[in-house]
Amino acid sequence: MADGVIVLDRHNISSDDDEYHAVIKHLGEHCRAFLHLVVSEEPIAPT
């Protein structure tokens, strides 16, 4: 069981958006693990 995960950026988890969101949801809901990205996600520009 993980207390936390530190990765360089989101692509170390997955470059696929759906898989990435599934992993971070699982970490938060089932493991109650902390996730830290060294390089923050870039905000999505409004359209």
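You'll find the structure just up there.
Residues numbered from 1 in each chain as written. Predicted model: local features only at pLDDT ≥ 70, side-chain atom pairs only at ≥ 80, totals over all residues. Heavy atoms only, no water.

Student: Can you help me understand the environment of Pro43 in this one?
Tutor: Following the sequence through the fold, Pro43 ends up in the segment after strand 2 (34–37). Considered as a pair, Pro43 and Ile13 are 30 residues apart in the sequence and their alpha carbons are 18 Å apart. (Helix = DSSP H or I, 4+ residues; strand = E, 2+ residues; numbered from the N terminus.)

Student: Explanation requested: unusual backbone geometry in the structure shown.
Tutor: Positive phi, close to 50°, is recorded for Arg32, a residue that is not glycine. By the secondary structure assignment, Arg32 is in the loop between helix 1 (17–31) and strand 2. Under the relative-accessibility criterion, Arg32 is labelled exposed at 70%. (Buried < 20%, exposed > 50% of the residue type's maximum accessible area, 1.4 Å probe, protein only.)

Student: Explain the side chain of Ser14 to me, please; I cannot follow it from the model alone.
Tutor: Here Ser14 is to be found in the loop between strand 1 (4–7) and helix 1. On the basis of relative accessibility, which here comes to 7%, the residue Ser14 falls in the buried class. A distance of 2.9 Å separates polar atoms of two side chains, one belonging to Ser14 and the other to Glu19. Ignoring any residue separated from it by four or fewer positions in sequence, one finds Ser14 in contact with Glu19 and Tyr20. (Polar contact = N/O pair within 3.5 Å; in protein donor to acceptor, adjacent residues only side chain to side chain. Contact = heavy atoms within 4.5 Å.)

Student: Help me out: how do you make sense of a nonpolar patch on the surface in this one?
Tutor: Nonpolar side chains collect at one region of the surface, where Ile6, Leu8, Phe34, Val38 and Val39 lie side by side and expose about 510 Å² of accessible area between them. With respect to the helices and strands, the residue Val39 is situated in the segment after strand 2. (Patch = residues over 30% accessible without salt bridge, like charges linked within 9 Å, V, L, I, M, F, W, Y side chains within 5 Å. Areas by Shrake-Rupley, 256 points an atom, 1.4 Å probe, with all protein chains shown as cover. Salt bridge = Lys/Arg side-chain N within 4 Å of Asp/Glu carboxyl O.)

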